[in-house]
Amino acid sequence: MLNRLPLLAPLLLATPALAATVPVAPGGLAAALEAASPGDVLVLRPGTHDGPVRVTVPVTLAGEPGAVVAGTGTGHVVHVTAPGVTIRGLEIKGSGTSLFDQHAGVFLGKEAEGAVVEDNRITGNLIGVYVWGAKDSLVRGNLVQGRRDLRVSERGNGIQLWNAPGTRVIGNTVRDGRDGIFVTTSKRNLFQGNRFERVRFAVHYMYTNQSEVSDNVSVGNDVGYAIMYSNELTIRNNRSERDREHGFLFNYANSALIEGNTVAGRFQAGDMAERETVADKDMPRDLDGPDRGRRFGTWKCVFIYNANKNRFAGNRFEGCEIGVHFTAGSERNTLTGNAFIDNRTQVKYVGTRHLDWSYGGRGNYWSDNAAFDLNGDGIADEAYRPNDVIDRVMWAYPAAKLLMNGPGVQVVRWAQKQFPALHPGGVIDSAPLMNPPAAGVQVATRKVQP
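The paragraphs below set out a description of the structure included in this document.

### A closer look at the overall build of the chain
Part 1 of the argument: A count of helical and extended segments in the chain gives 4 helices and 40 strands.
Part 2 of the argument: Taking all 450 residues of the chain together, the buried fraction comes to 53%.
Part 3 of the argument: Contacts spanning at least 24 positions in sequence make up 49% of the contacts within the chain whose residues lie at least 6 apart.
Part 4 of the argument: Accessible surface for the chain amounts to roughly 20,300 Å². Of this, 54% is attributable to carbon and sulfur atoms.

Below is the structure:
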């Protein structure tokens, strides 16, 4: 044993001193941070602690109930530039308001990899939490509430990520920002179990790949989930409830698995209160002004625009003005096992290509499909065609709606039903389901590592 002491001595000398738990009274936070050693736990006592502060050592900031870190309305309130920092149990408020400088309640710089921001109240800031290049961080269980005194265009996002691979955003509640979560130029992220209210887009993806969005809830926002310029995503078991313009929007999004999601589009009283929002340019003008209340639900449950090689399976799209708008060169998408229920227009497809929305002999459920199933296999005996040439005329020339009940229009529609070859292309479901699949069904699986 004595012969081993020379070998152990260098290891003992290299071992850092035991981390200390340091109580911090209001007024002493800056000094405590300056004197802290790696691994220290700074316990902030109840009261207001002056910000802004910079965390340059890997420590834990833990708040006792009633501990507040308050900024002065300039810069970031808590600016982290060290790895392995934890910020827990605090109220953090009072950032600056410069969108150019991206002022935030908690700002995690590139050096702050592995940071943990959890169980905080982050209120009254421009951006709640900004993960700026800090890979493998965790933002969990926070209440993030933005500035309602600012116009939507002047607000920051609740939680924002840039180039933060491996970062997880889990179980947060986000209100009153511009976007709930905005992420750009990242990969291998996980957004799970968050709730979004009173924002523009609940989740806004840009140039972010190989990531997962699951089990989130968006309530009463302009858009639920806007997925743009991103590849190889898993979007599973999310809910869009009474979002105004789109439940899901896919623009240049490719090779995604979209399964088990629900859009419940039907509005309740007060859901159409005037808001600062940019309407879809495809929206009829008579729904933008005083007659806006005529809308009974979300404008589009899902909008697919130039998005390719995606799989939509086991989703439920219900109570929207348009169930799915499919346009602009989207190719090689698979739609199977979805339910389209009580949408005023189930499908809007303005192209002329023939698209069969079924896979492996299993299509989708359409609530307006008056079909028979004589052999009892759960598949309708006739194919379902959601649109015909009359629909295309109405979309191109809205004034033609005056002729909808005319005998000429009815004859054309009757002829197309009797002679399907007269259809000029469009969507067909060759194996429509007789009953809607159960909500949240996972038809396919693909594991995405966070």
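### Describing the nonpolar core
Part 1 of the argument: In this structure, Leu44, Val78, Leu108, Phe191, Phe250 and Trp357 are the most contacted members of the largest nonpolar core, which totals 75 residues.
Part 2 of the argument: If sequence neighbours within four positions are ignored, phenylalanine 191 has contacts with Leu161, Val169, Ile181, Val183, Val203, Tyr205, Glu212, Val213, Ser214 and Asn216.
Part 3 of the argument: Grouped together as the second largest cluster of nonpolar side chains are 8 residues, Met206, Val223, Ala226 and Phe303 included.

### Considerations on a nonpolar patch on the surface
Part 1 of the argument: A cluster of nonpolar side chains, Tyr207, Tyr229, Tyr252 and Tyr305, forms an exposed patch at the surface whose accessible area comes to about 380 Å².
Part 2 of the argument: Residue position: tyrosine 252 is located in the loop between strand E28 (246–251) and strand E29 (257–259).
Part 3 of the argument: A residue is classified by how much of its surface remains accessible, and tyrosine 252, at 35% relative accessible area, is partly exposed.

### Side note on the pairing of strand E22 (residues 201–209)
Part 1 of the argument: Burial analysis of E22 places 7 of its 9 residues in the buried class, the great majority of the element.
Part 2 of the argument: Both strand E19 (residues 179–187) and E22 contribute to a ladder of 7 bridges, which runs parallel. If you follow lysine 187 over to E22, its bridge partner there is asparagine 209.
Part 3 of the argument: Sheet topology note: the E22/strand E25 (residues 223–228) ladder contains 5 bridges and is parallel. Bridging across to E25, valine 203 finds its partner in tyrosine 225.

### Topic: the sheet that holds E19
Part 1 of the argument: If you trace the 12 strands from one edge of the open sheet to the other, you get E4-E7-E10-E13-E16-E19-E22-E25-E28-E31-E34-E37, paired in parallel fashion. Two strands close off the open sheet at either side, each with one partner strand: strand E4 (53–55) and strand E37 (345–349). For this sheet the average axis-to-axis angle between neighbouring strands, irrespective of direction, equals 10°.
Part 2 of the argument: Inspection of the sheet shows strand E10 (residues 104–108) paired to strand E13 (residues 127–132) by 4 bridges, in the parallel sense. From the neighbouring strand, phenylalanine 107 faces E13, where its bridge partner is tyrosine 130.

### Topic: the state of the cysteines
Part 1 of the argument: Enumeration over the complete set of coordinates arrives at 1 disulfide.
Part 2 of the argument: Between the sulfur of cysteine 301 and that of cysteine 320 lies a disulfide, 2.1 Å long from S to S. Linking cysteine 301 and cysteine 320, the disulfide has an S-S dihedral of approximately 95° and is accordingly described as right-handed. Placement of cysteine 301 in strand E31 (residues 300–305) and of cysteine 320 in the loop between strand E33 (316–318) and strand E34 (322–327) is noted, with a sequence separation of 19 residues between them. A single burial state applies to cysteine 301 and to cysteine 320, both of which are buried.

Conventions we followed
Residues numbered from 1 in each chain as written. Predicted model: local features only at pLDDT ≥ 70, side-chain atom pairs only at ≥ 80, totals over all residues. Heavy atoms only, no water. Helix = DSSP H or I, 4+ residues; strand = E, 2+ residues; numbered from the N terminus. Buried < 20%, exposed > 50% of the residue type's maximum accessible area, 1.4 Å probe, protein only. Contact = heavy atoms within 4.5 Å. Areas by Shrake-Rupley, 256 points an atom, 1.4 Å probe, with all protein chains shown as cover. Core = buried A, V, L, I, M, F, W, Y, C linked by side-chain atoms within 4.5 Å. Patch = residues over 30% accessible without salt bridge, like charges linked within 9 Å, V, L, I, M, F, W, Y side chains within 5 Å. Salt bridge = Lys/Arg side-chain N within 4 Å of Asp/Glu carboxyl O. Pairing = 2+ DSSP bridges. Axes fitted to C-alpha atoms, helices over the stretch in contact; angles between N-to-C directions. Disulfide = S-S within 2.5 Å.

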